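In case you want the letters, here they are:
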Amino acid sequence: MKSFRKELWFEVPTRRAFINITPQVEEFLAESGVQEGLMLVNAMHITASVFINDDESGLHHDYEQWLEKLAPHAPVAQYRHNVGEDNADAHLKRQIMGREVVVAITKGKLDFGTWEQIFYGEFDGRRRKRVLVKIIGE
Amino acid sequence: MKSFRKELWFEVPTRRAFINITPQVEEFLAESGVQEGLMLVNAMHITASVFINDDESGLHHDYEQWLEKLAPHAPVAQYRHNVGEDNADAHLKRQIMGREVVVAITKGKLDFGTWEQIFYGEFDGRRRKRVLVKIIGE
Amino acid sequence: MKSFRKELWFEVPTRRAFINITPQVEEFLAESGVQEGLMLVNAMHITASVFINDDESGLHHDYEQWLEKLAPHAPVAQYRHNVGEDNADAHLKRQIMGREVVVAITKGKLDFGTWEQIFYGEFDGRRRKRVLVKIIGE
């Protein structure tokens with residue numbers, strides 16, 4: 001069994017953003033040499049997500065609006081977590097979008113449907129944060 | 001390490017449905033011959049889910065109503081994604097219900113609690129769509 | 001390839017609770033002897049979650065309030081599942097918080113960011129329930 005590990009770093013200048021990380025993840029897969037196996041991609045921070053969906057800017061706008069409705073940022077005082085913090089909503093949003101994805105590796109490629117792309121979802125940016133890619137297989 | 005891959009196809013005649021896929025997934029597992037390992041089951045489409053919950057029709061009705069309240073289909077014009085499309089809500093619903101499940105394989109069986117069953121959640125049906133089953137182990 | 005399996009049991013005296021299970025999971029990992037691999041931690045019940053977030057009591061209070069707003073327990077008669085049951089809301093809450101986490105194992109440790117901790121989320125307690133830990137790797 002082979003295993004491979006690499007981190008992907010971000011410093012998003014805004015509080016929130018969705019970033020397509022599929023190209024970097026594909027590079028890591030090629031580097032690993034794994035042909036058949038599983039890949040885990042997870043946020044290493046608890047105010048960020050990794051998820052799979054469509055690379056379409058209208059949809060990303062819809063996600064932004066929808067998450068803000070389900071877990072509003074303001075007023076920050078509505079959350080007990082916000083004592084010297086203002087990111088409680090980011091911890092909530094991340095639960096809806098998810099911490100991680102597990103992706104099949106087949107014949108050395110991400111085994112994806114036509115429109116599947118991997119995104120980093122930032123909900124409390126403006127500082128350095130990272131994603132873990134772990135691959136096991138053969 | 002063994003690996004096994006197979007697709008499961010659907011053509012749901014309605015926009016939305018929940019389908020118990022546990023029997024087919026168990027057949028794939030038997031076919032793989034894997035005794036100890038992990039199984040990934042994921043939607044290959046970004047308007048569908050794979051999730052684990054109860055095979056109880058009342059609950060499925062509750063999920064349907066609840067998802068419609070959290071991410072309404074209409075009015076379709078409320079979503080920027082809906083330019084020549086009307087399925088933005090399906091992309092939202094799928095995030096709540098999830099893209100994938102990872103299941104332990106122990107002694108050649110799905111290592112499940114009493115009531116765990118695997119479902120395909122369709123949120124934009126009426127066309128051919130598929131689920132990936134990937135197994136690794138020994 | 002090594003594999004390891006162990007259950008973690010709970011009997012939460014209240015209907016809902018969040019319990020940090022990281023120390024027990026780390027013990028299981030040490031016991032497994034796996035240095036590089038993947039660990040699956042999943043609820044074996046469909047009214048409970050396993051998730052990764054912050055061990056901060058204010059945030060847990062916020063989760064409790066927020067989940068109650070998104071998927072209210074009462075009135076129980078609003079849910080069709082509640083025929084001789086009163087836990088439909090627990091099945092809904094569990095979908096938002098998730099069934100499982102998959103964690104990378106690197107050099108014999110959980111490969112975690114600074115604040116990542118694993119929680120059992122109980123939404124219908126007052127009875128014995130369990131979590132599965134499955135590890136594969138080398």
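Before any of the text, the structure's been laid out above.
Residues numbered from 1 in each chain as written. Chains lettered and ligands numbered in written order. Predicted model: local features only at pLDDT ≥ 70, side-chain atom pairs only at ≥ 80, totals over all residues. Heavy atoms only, no water.

1. Remarks on the interface of chain B and chain A
Counting residues at the interface gives 28 residues for chain B and 34 residues for chain A. For the pair chain B and chain A, the summed buried surface comes to about 2,500 Å²; carbon and sulfur atoms form 58% of the total. The three residues of chain B that bury the most area against chain A are Met 1, Ile 46 and Gln 95 of chain B, which together make up 24% of that side's buried surface. Across the contact surface, chain B and chain A share three salt bridges. The partner of Asp 111 of chain A in a salt bridge is Arg 5 of chain B, with the nearest N and O atoms 2.5 Å apart. At the level of elements, strand 1 (2-11), strand 3 (37-43), helix 3 (88-97), strand 5 (100-106) and strand 8 (128-137) of chain B are the ones that each hand at least two residues to the side of chain B that touches chain A. Ranked by residue count, the leading element in the side of chain B that touches chain A is helix 3 of chain B, at six residues. Of the residues in the side of chain B that touches chain A, the class split is 15 nonpolar, six polar and seven charged. (Contact = heavy atoms within 4.5 Å. Buried area = accessible area lost by both parts, 1.4 Å probe. Salt bridge = Lys/Arg side-chain N within 4 Å of Asp/Glu carboxyl O. Helix = DSSP H or I, 4+ residues; strand = E, 2+ residues; numbered from the N terminus. Nonpolar A, V, L, I, M, F, W, Y, C, P; charged D, E, K, R; others polar.)

2. Side note on the relation of the copies chain B and chain A
Superposition of the two copies of the chain requires a rotation about an axis together with a shift along that axis. Relative to chain A, chain B is turned by 120° and slid 0.0 Å along the rotation axis, the superposed coordinates differing by an RMSD of 0.0 Å. The relationship between the two copies is best expressed as a three-fold rotation axis. Across chain B, the smallest distance between a C-alpha and the rotation axis is recorded for Ile 96 of chain B, namely 3.3 Å. (Least-squares fit on C-alpha atoms with pLDDT ≥ 70 in both.)

3. Things to note about the packing of helix 2 (residues 57-70) of chain B against helix 3 (residues 88-97) of chain C
Remark: helix 2 of chain B packs on helix 3 of chain C, axes separated minimally by 10 Å, with the N-to-C direction vectors making an angle of 55°. Classified by the angle between their axes, helix 2 of chain B and helix 3 of chain C sit oblique to one another. Here helix 2 of chain B runs over helix 3 of chain C; the crossing is right-handed. In this structure, helix 2 of chain B uses Leu 59, Asp 62, Tyr 63 and Trp 66 of chain B to contact helix 3 of chain C, whose residues at the interface are Ala 88, His 91, Leu 92, Gln 95 and Ile 96 of chain C. Here the residues of the contact of helix 2 of chain B with helix 3 of chain C sort into six nonpolar, two polar and one charged. (Axes fitted to C-alpha atoms, helices over the stretch in contact; angles between N-to-C directions. Parallel < 35°, antiparallel > 145°, perpendicular 65-115°, else oblique. Left-handed = near helix turned anticlockwise from the far one by under 90°.)

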